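Each chain, letter by letter, is given below.
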Amino acid sequence: MRKPDFRYLVLWLFLFGIIVIVFLQVISGHNIKSLREGNKKILKELQVQNNLRRLETDLLTAESDIRGAAINGEDVQIRSLERSNLNIDIELYNLKKNLAGQTPVNEFTVLKNLIDEKKAFNRTILETIHDTGKEAAQDLVRDSKGKILRDSIISIISHLETIRKNQLDLIVASVETTGRNARIWGFFITAVTLIAVILAFWYITNQGRQQLKMITALNDSEKRSKDVAHMKEQFLANMSHEIRTPMNSILGFTNLLRRTELNTMQREYVQNIHSAGENLLTLVNDILDLSKIEAGMMHLEVTRFSLRSMVSSVGAMFIEKLREKNLDFQIHIAKEVPDILTGDAVRLTQIMVNLISNAVKFTREGGVDIHVELMESFEEKVKIKISVRDTGIGIAPEKQSAVFERFQQAEAETTRRFGGSGLGLSIVKQLVEIQDGKIYVKSELNKGSEFVVELEFMLPDFAQLYSEALADQEEQVPLQKIKVLVAEDNPMNQQLVRHLMKGWSIDYVLVENGTEAIRALKEDNYSIVLMDIQMPEMDGYTATTIIRNELKLEVPIIAMTAHAMVGEKEKCLQLGMNDYVSKPIKETVLYNIIARHAQHITEHLPHGLPISLDYLHQISGNDPFFEKEILIQFLQQAPFELSELEKSISNRDFDQVRRIAHSLKSTVGYVGLANELNPALERIEKEAASETDKHFRPDFDQVNARCGMAMKEVEVMLDNGTI
């Protein structure tokens, strides 16, 4: 038999207590009402007695006044008698009102008649005084009639007082009884209330103790959960490091090996090794992405990007696999879809890579199509629909809701036939949801699938976009001019770094731990430090702290680590590092990071350095024929524009000066002179707009001289065939 829940027992007791208190309150209210009514009756009886006494007093006063008037005959006595008679009338009226319904009518009537007779007798005496004189009035006073009337009135008043006194005693006794009952009920109510308060206090205190025990147990459980989570995170971090460290070498050296001369079989083996490494790295990244999302550390980065370029780049990643499987591949982007958007291009790329990868994986014949359409357009944002369609194995209707769950695939056989961890679509769904978008699937078994993603993106400020595009033409610092300190303990990674640095013609020094890195920084100056995190003797965190706090150096420090756990990048930045690159290191990523942080030495470089073709390489895709055409065009266009600018300055043709100066900013940008010459050209342009020529000549001389040097360098490069 189940034991009754004590909480419900307390609840019923509480309800019963409320009912009892309400009942007692009703009784107590009744007693209090009775007390009030009794007090009113007592007050009324006291008023009656007071009326009777005042009536008797007024009668005696009138008696005294009539005697004085008969003896003295003074008007004062007569006026006093009139006041006494008036008071008698008032008291008689009040007495009648207070005695209403409580005194026999005949007694009050007799009293009233006697008083009227007494007043009439008094008036007779007064008339006698005026008509016959005082002696006749005195004879009337001495007559027994007046005395008999007075005594009769006093007798009736005394009788009424006796009756009212008995009535008052009864009322007082009733009030005392009611008061005693009220005190008893009040005591009872107080006792019940006190008991209820004590029970409630005991219950609340007991619940508080139980809650405290529960909180303690929950705290212990939470602590254990945090310990388990920390152990899990530490395990994932160690696993990430242990896997990524050799993967860094595997992928790095396979990339280098692919660039060498290989026969067909060797190239196939290298490609297989590289693909296996990429697949393993994808699995590790999927697990780490889930860890970041669960911890709420998957932050969105809002940047501008070209949608068409991004989609094309993602598609290009799968060209080889599509060719291997002989699959068609089409990209359809509606004309009304804007190209430049503002949003998280990295997450969008990750979403599309997962969707296209699945489409290619599960399609054996037919093809894969990408469709991008504009759903809604507003002044500052647009809503885009991206569809990835394939002609693959399809998904049964009852299995479609499960494909977005972790470690789930439509069929158990799918994992055996096609591989995969079942994490990709789960990550895609969460990446879409954290961007306030939605994803759904349309599929038919053995006919193909269509995954649809709907996301909103902001539209950029095109005026700002144009100014930043000009800024992108700034002169890049030649990496040959910098010196890099590399702290790395893994021998294979050291060999890879040596190869990369030599390939980029970067001057570098390699050390094996944080202690050696600090010693090297004390002995020499370096432009950038590449700092591995996990090293013997002194790790990268400790070394960075010493560099910032003790050596007081502001040299850019780039973290290189196989750790890719949640918060790792934030931890590196908080300790004073400037950037973060995860292993396995990709050549282009590391190169771009080094190039970006090398810009801090721009101010210290002297003018007149050799021209830089980095921007030209970037826009040409390292196409030498295109670059050669641009440089030949530069040799033709720059002298013409300089000649026209000088002529316009001489003629004070401000509109023409402004136009040519603006055009020259783009011209010099192709040979890396934008950062050096744009300030002078912008000043010429601004002064021309305001029709002043204060700095025209010195600014023109600077631009003309520097362009002359650049043209000579370009001619040499073309003559030597170095471009």
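Scroll up to find the structure.
In this text the structure is predicted, and so the values were computed from the model without any measurement.

> Hey, could you run me through the overall build of the chain in this one?
The helix and strand tally for the chain stands at 22 helices and twelve strands. Classification of the 723 residues of the chain by burial places 41% in the buried group. Within the chain, contacts between residues at least 6 apart in sequence are counted, and of these 73% link residues at least 24 apart. Accessible surface computed for the chain: about 40,900 Å², of which carbon and sulfur atoms make up 54%.

> How should the environment of Val 452 be read in this particular structure?
Note that Val 452 resides in strand β7 (residues 448-458). Overall, Val 452 belongs to the buried group, its relative accessible area being 1%. When the C-alpha positions of Val 452 and Lys 442 are compared, they lie 8.0 Å apart, and in sequence the two are ten residues distant. Beyond its immediate chain neighbours, meaning those up to four positions away, Val 452 contacts Lys 385, Ile 386, Ser 387, Lys 438, Ile 439 and Tyr 440.

> Teacher, can you tell me more about the sheet that holds strand β10 (residues 528-532) here?
Across a sheet, paired strands are connected by hydrogen bonds in the backbone, their directions being either parallel or antiparallel. Strand order in the open sheet formed by five strands is β9-β8-β10-β11-β12, with parallel pairing between adjacent strands. Two strands close off the open sheet at either side, each with one partner strand: β9 (507-511) and β12 (579-582). For this sheet, the mean angle separating the axes of adjacent strands, direction not counted, is 20°. Alignment of strand β11 (residues 557-561) against β12, held across four bridges, turns out to be parallel. Bridging across to β12, Ile 558 finds its partner in Asp 579. In this fold helix α13 (residues 491-503) packs onto β8 (483-487), β9 and β10, with an angle of close to 170° to the strand it touches most, β9. Packed onto the sheet, helix α17 (residues 587-597) meets β10, β11 and β12 and runs at close to 170° relative to β12.

> When you look at unusual backbone geometry in this model, what are you seeing that I'm missing?
Generally, phi is negative for residues other than glycine and the peptide bonds are trans, each holding for most cases. Even without being a glycine, Asn 326 presents a positive backbone phi close to 55°. On the secondary structure map, Asn 326 appears in the loop between α8 (319-324) and β2 (328-333). Since its relative accessible area comes to 68%, Asn 326 is described here as exposed. Even without glycine at this site, Asn 446 takes up a positive phi of about 65°.

> Explanation requested: the packing of aromatic side chains in the structure shown.
In this description, an aromatic ring pair is defined by two values, namely the gap between the centres and the angle between the planes. Overall, the coordinates contain two aromatic pairs when judged by the stated rule. Between Phe 305 and Phe 457, the ring centres sit 5.8 Å apart and the planes meet at 75°, which makes this aromatic pair edge-to-face. Residue Phe 305 is found in strand β1 (residues 303-306), and its partner Phe 457 is found in strand β7; the two are separated by 152 residues along the sequence. For the pair Phe 305 and Phe 457, a shared accessibility class is recorded, and that class is buried. For the pair Phe 654 and Phe 696, a centre-to-centre distance of 6.2 Å together with 50° between the ring planes defines the contact as tilted. One end of the pair, Phe 654, is in helix α20 (residues 654-669); the other, Phe 696, is in helix α22 (residues 696-720), and 42 residues separate them in sequence.

> Help me understand a nonpolar patch on the surface in this model?
Side chains of Trp 12, Leu 15, Ile 18, Val 22 and Val 26 sit close together on the surface and give an oily, nonpolar patch of about 500 Å² of accessible area. Relative to the helices and strands, Trp 12 is located in helix α1 (residues 6-72). With relative accessibility at 61%, the residue Trp 12 sits in the exposed group.

> Could you clarify how one ought to interpret the pattern of salt bridges in this entry?
Should the charged atoms of two oppositely charged side chains come close, the side chains can pair. Applying the stated criterion across every chain, the model contains 17 salt bridges. In this structure, Asp 344 engages Arg 347 in a salt bridge whose closest nitrogen and oxygen atoms are separated by 3.9 Å. Considered together, Asp 344 and Arg 347 belong to a single accessibility category, that of buried residues. Here Asp 655 ties to Arg 658 by a salt bridge, and the two come within 3.0 Å at their closest N and O atoms. Residue Asp 655 and its partner Arg 658 are both found in helix α20; the two are separated by three residues, about one turn of the helix. What makes Arg 658 partly exposed here is its relative accessible area of 32%. One network of salt bridges, in which partners are shared, links Lys 383, Lys 438 and Glu 454.

> Just checking my understanding: could you explain helix α14 (residues 514-523) for this structure?
Every α-helix winds through 3.6 residues per turn, so residues three or four apart in the chain are directed the same way. Of all the positions in α14, only Gly 514, Ala 517, Ile 518, Ala 520 and Leu 521 are classed as buried. In an axial view of α14, the angular spread of the buried residues amounts to 160°, which keeps them on one side of the axis. Along α14, the residues that are exposed and aim more than 90 degrees away from the buried face are Lys 522 and Glu 523. Where the residues of α14 are buried, they touch β8, β9, β10 and α15 (540-549).

> Whenever I open this one, helix α21 (residues 674-689) confuses me. Can you help?
Taken together, the buried positions of α21 are Ala 674, Glu 676, Leu 677, Asn 678, Ala 680, Leu 681, Ile 684, Glu 685, Glu 687 and Ala 688. With its phi angle positive at about 60°, Glu 691 sits one or two positions after the end of α21.

> Mind showing me how you'd approach the pairing of β8 here?
Successive side chains on a regular strand alternate, one facing one side of the sheet and the next facing the other. Of all five residues in β8, four are buried, a share of seventy percent or more. In this structure, β8 lies alongside β9, joined through five bridges in parallel fashion. Pairing of Lys 483 across the sheet is with Asp 507, part of β9. Crossover connection from β8 via α13 to parallel β9: handedness right-handed.

> Can you walk me through the packing of helix α19 (residues 624-651) against α20 in this structure?
For any two helices packed against each other, one specifies the inter-axial angle together with the distance between the axes. The geometry of α19 relative to α20 is characterised by a closest axis approach of 9 Å and an angle of 155° between their N-to-C directions. Here α20 runs roughly antiparallel to α19, going by the angle between their axes. As α19 runs across α20, the sense of the crossing is left-handed. Counted together, Phe 634, Gln 637, Ala 638, Glu 641, Leu 642, Glu 644, Leu 645, Ser 648 and Ile 649 of α19 and Gln 656, Val 657, Ile 660, Ser 663, Leu 664 and Thr 667 of α20 form the full contact between these two elements. In terms of residue class, the contact of α19 with α20 is made up of eight nonpolar, five polar and two charged.

> What exactly am I supposed to notice about the nonpolar core here?
The biggest cluster of nonpolar side chains holds 41 residues, and the ones touching the most others in it are Leu 307, Leu 348, Met 352 and Leu 355. For this core, the secondary structure elements donating two or more residues are α7 (307-316), α9 (345-361), β4 (367-377), β5 (381-390), α11 (424-433), β6 (438-444) and β7. No other element matches the eight residues that α9 contributes to this core. If sequence neighbours within four positions are ignored, Leu 348 has contacts with Phe 305, Leu 307, Met 310, Ile 386, Leu 455 and Phe 457.

> Any chance you could explain the side chain of Asp 699 here in plain terms?
When you line up the elements, Asp 699 lands in helix α22. A distance of 2.8 Å separates the side chain of Asp 699 from the side chain of Arg 683, its partner in a polar contact. Aside from chain neighbours lying at most four places away, what touches Asp 699 is Ala 680, Arg 683 and Ile 684.

Reading guide: rules and limits
- Residues numbered from 1 in each chain as written.
- Predicted model: local features only at pLDDT ≥ 70, side-chain atom pairs only at ≥ 80, totals over all residues.
- Heavy atoms only, no water.
- Helix = DSSP H or I, 4+ residues; strand = E, 2+ residues; numbered from the N terminus.
- Buried < 20%, exposed > 50% of the residue type's maximum accessible area, 1.4 Å probe, protein only.
- Contact = heavy atoms within 4.5 Å.
- Areas by Shrake-Rupley, 256 points an atom, 1.4 Å probe, with all protein chains shown as cover.
- Pairing = 2+ DSSP bridges.
- Axes fitted to C-alpha atoms, helices over the stretch in contact; angles between N-to-C directions.
- Phe/Tyr/Trp six-rings, centres within 6.5 Å; stacked < 30°, edge-to-face > 60°.
- Patch = residues over 30% accessible without salt bridge, like charges linked within 9 Å, V, L, I, M, F, W, Y side chains within 5 Å.
- Salt bridge = Lys/Arg side-chain N within 4 Å of Asp/Glu carboxyl O.
- Arc of directions from axis to C-beta.
- Right-handed = clockwise from strand over helix to strand, strands pointing away.
- Parallel < 35°, antiparallel > 145°, perpendicular 65-115°, else oblique.
- Left-handed = near helix turned anticlockwise from the far one by under 90°.
- Nonpolar A, V, L, I, M, F, W, Y, C, P; charged D, E, K, R; others polar.
- Core = buried A, V, L, I, M, F, W, Y, C linked by side-chain atoms within 4.5 Å.
- Polar contact = N/O pair within 3.5 Å; in protein donor to acceptor, adjacent residues only side chain to side chain.

By themselves, these are just geometric observations and shouldn't be taken as functional.
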